[in-house]
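# Working through the structure, step by step
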Amino acid sequence: MEVGIAKCRRGDIGDIVEDRVEFVLLAEAGILEAQAVLLCESIRCFAGAYSRCPITVVSPRSSRRPSLSTRHQLKRLDVEYLPIEIESCCPQYGPSYRVHALAHVERRPGPPIIIQLDSDTVFIAEPDFSLGTKSAAARPVDVKGMCTTGPGDPFDSYWRKACALVGVDYDHLPIVQTTVHGQAVRASYNAGLFVAKRSHGLFQRAEDIFERLVAEDLKPWPEGPIINTGTGVLDGEATAFWGTSQAALSLAAVAANHPVRTLPATHNFPLNMLAALAAPDTARLVHLHYHGLFSAGSGGANPVLDGTLELPAGISEWLSARLPLPERPQQTVPTRDLRRSPRRKAILILGMHRSGTSALGGVINALGAASPKKLLPADSYNPTGYWESSRLLLANDDLLASANSSWHDWRALDPQWMQSRAAERHRHKIRAVLDNEFGDEQLFFVKDPRICRFALFISSILAEMEVDTVAFLPIRNPLEVALSLKRRDGFPVAKSLLLWLRHVLEAEHQSRDMPRCLWRHEDFRTDWRRLFSDATDEIGIIWPAPASQSDIEIEKFLTEELHHERVSIEDLRNHPDVTPLIRTAYEILHSMAVDGESRELRAQLDLVRTKFNDSCDLLAIAMEEAEHLHRELRARILEREAVVRERDAVVRNRDAFLAERNALLASRSWRWTAPLRWVHGCAAKRIGRP
């Protein structure tokens, strides 16, 4: 019995779909091969559980084979390149080669599910290709086009003739809603994404129906309209049969009584018709059908590049780094003909939040290292700026959320998760952000306290980009850090101290194989020239801008007014929330920063890290209880404050009433009208007598 993917447990789907699904698309010389490479790369990067499924790229004509460069890229992506020679029954109609190619692939042995893709599409998230009891899945056509709405429609006779020709009951064609205007039409499915079970032979049946329609010269468009396609503008003979390939698939499904599941609107989303659709939830978009919008010669605006469609963190950057697509592929240049350029270098600022990392980033930038292009804006807590990439911050937050963590989580990230497919998807996003933020800069710095916990992950991405990494580790008194976080974020001191411990332990441990400098925060503020001079010798950085030229700019990052929290070592030792583990870690890091590193000091930190990791479960329970009590106490305080405010309001209203009454009694008009009130009172008494 064949099992639909929908019946699989979510945790098992990645292992199952690899053997059950095969993606199939076409590539030919020119823009189609560039589109094919982009599509295959997007599957490998963002298709989630489907990212390692087989991909077959068919080249149907020997006269239009993709370039050697494209074939090398497909091989690198572990894609099967299948060159065949197809004699189309309708060569002037481009999609006819897709009809024949899919039937050819379906006849081969392979996974039980085939997914037909238009080359001008791209994945940006994990799709939902579950079939359950259905035989196929697809999206309806975007617009009515050559479909029929029923009797009286100009294309209705075409559909009735086509049904009669292939033995399909016209009335059995299901009704579907077009994706753009919501028109009810007889079933016709968009061929940009079509999922079908191999054993049902849908693509072979569609080929047979297509050939019969062509043989009868049954054209939906006798005049051949002008059509803007992913490969350019077509008309005449090239478009007379336009829509026939999609009609053949629909007729094939009905002829064999194979029900088709309608895929969610997030799949095969028509990017070229964005203006006509309701604004999509970009966080849920899965698969974009961009038609010609990604081409260098496209006349239309690209909503991804111009910001009209703001995609999730990392996706826009990934696409921007690859667009526009070239009309002609670039030929590969033999490595021996390239002159080796000096290795690029990235400075990782691995410091806990509120440890002076922003001031360090500002100084490094003043000395000539490139900052990110899109910086977080300054605010009252960091008036000289954070020197962090806003796009990288979002991408890092997405990574942490996927790992069931957050920026203020003091527990260790699961090392197995960091090697998982889920982490691999974030790897591609983060690399795209780094590419876009720093381009080809020779020396730049990456600053986000979040990366303390996954510095090796970031370093490995930079290594793929052929960028060497060095690390700066600023060490600040943990109690000062905790007080600063309490002032900015309202965190309890105990929680902030645990955050400090996690960040400094992971930053130190994960940067051991990098050239690095450990600096005390107070030394950086008072003697930064010596520290940066030493860095030139210790980790091989040559600063593009001499310190003498940067002094004035640097001093603004080191003003005393920005150093709000000040505590002594004695304060640290005596504070009730500072545990022996935290004091020990700070003392070891302090020694490493002042006296230099040693095997013994690293071993001592390893012991602290092990103890901390072992105690995390118990600490988590205690912290959760403490935070629960804190929230409960806070709620009671707020409730009491609300009662007090209500009481004060009543008192104010009473006082206002009494003041108004007293003012009235003391007024001249009240005294002058006293006789009238006396007469009125007497009259009232007489009237009231029996």
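First, a word on what this report is: a plain description of the structure on this page.

## A short note on helix α2 (residues 31-46)
Here α2 spans 22 Å end to end across 16 residues, near enough to the 22 Å set by a 1.5 Å rise per residue. Within α2, 15 of the 16 residues are buried, which leaves it mostly tucked inside the rest of the structure. One or two positions beyond α2, positive phi appears at G48, with a value near 60°.

## Thoughts on the sheet that holds strand β5 (residues 121-123)
With mixed pairing, 3 strands are arranged side by side in an open sheet as β5-β14-β13. Edge positions in the sheet fall to β5 and β13 (269-270), since each has one partner strand and no second. One ladder, built from 2 bridges, connects β13 with strand β14 (residues 287-289); its direction is parallel. Within the sheet, the bridge partner assigned to F269 lies in β14 and is L288.

## Overview of the packing of aromatic side chains
Per the counting criterion, the structure on display carries 26 aromatic pairs. Between F23 and F129, the aromatic rings sit 6.3 Å apart at their centres with planes inclined by 65°, giving edge-to-face as the arrangement. With F23 in strand β1 (residues 21-26) and F129 in the loop between β5 and β6 (136-140), this pair connects stretches of sequence that are 106 residues apart. Of the two residues examined, F23 and F129, each falls in the buried class. Note on F438 and F444: the rings are 4.3 Å apart at their centroids and 20° apart in plane angle, and the pair reads as stacked.

## What about the environment of A296?
For A296, the position within the fold is in the loop between β14 and α9 (315-320). Each C-alpha atom, one on A296 and one on L323, is 7.8 Å from the other, the two residues being 27 residues apart in sequence. Setting aside its immediate chain neighbours within four residues, A296 contacts P324, L325 and E327.

## Observations concerning the side chain of E437
Examined against the element boundaries, E437 turns out to sit in helix α12 (residues 421-438). Filtering out sequence-adjacent residues up to four positions away, E437 remains in contact with S371, P372, K373, K374, S389 and R391.

## Thoughts on empty space enclosed by the protein
Inspection of the entire model under this criterion finds 1 cavity of 30 Å³ or more. Approximately 80 Å³ is the volume found for the largest cavity. What lines the largest cavity is simply R98, V99, L102, Q116, A191, F203, A206, S245, A248 and L249. Taken together, the elements giving at least two residues each to the lining of the largest cavity come down to α4 (95-107), α6 (202-215) and α8 (244-255).

## Considering the packing of α6 against α8
Two elements in contact, α6 and α8, have axes separated by 8 Å at closest approach and are oriented at 120°. In terms of axis orientation, α6 runs oblique to α8. Two packed elements cross with a definite hand, and for α6 against α8 that hand is right-handed. Contacts between α6 and α8 pair L202, F203, R205, A206, I209, F210 and L213 from the former with T244, S245, A248, L249, L251, A252, A253 and A255 from the latter. Along the lines of polarity and charge, the residues of the contact of α6 with α8 split into 12 nonpolar, 2 polar and 1 charged.

## What about the pattern of salt bridges?
What the rule picks out here adds up to 40 salt bridges. Residue R609 pairs with E506 through a salt bridge whose shortest N-O separation is 3.3 Å. Here R609 is found in helix α21 (residues 599-665), whereas its partner E506 is found in helix α15 (residues 493-510), with 103 residues between them in sequence. Between E597 and R602 there is a salt bridge; the shortest N-O distance is 3.2 Å. On the basis of relative accessible area, E597 is assigned to the partly exposed category, the value being 35%. What makes R602 partly exposed here is its relative accessible area of 26%.

Here is what the cut-offs are and how they apply
- Residues numbered from 1 in each chain as written.
- Predicted model: local features only at pLDDT ≥ 70, side-chain atom pairs only at ≥ 80, totals over all residues.
- Heavy atoms only, no water.
- Helix = DSSP H or I, 4+ residues; strand = E, 2+ residues; numbered from the N terminus.
- Expected span 1.5 Å × (residues − 1).
- Buried < 20%, exposed > 50% of the residue type's maximum accessible area, 1.4 Å probe, protein only.
- Pairing = 2+ DSSP bridges.
- Phe/Tyr/Trp six-rings, centres within 6.5 Å; stacked < 30°, edge-to-face > 60°.
- Contact = heavy atoms within 4.5 Å.
- 1 Å grid on protein atoms, 1.4 Å probe; cavity = no way out; pocket = protein on both sides within 12 Å on 5 of 7 lines; lining within 4 Å.
- Points joined across faces, edges and corners; volume = space filled by probe spheres on them.
- Axes fitted to C-alpha atoms, helices over the stretch in contact; angles between N-to-C directions.
- Parallel < 35°, antiparallel > 145°, perpendicular 65-115°, else oblique.
- Left-handed = near helix turned anticlockwise from the far one by under 90°.
- Nonpolar A, V, L, I, M, F, W, Y, C, P; charged D, E, K, R; others polar.
- Salt bridge = Lys/Arg side-chain N within 4 Å of Asp/Glu carboxyl O.

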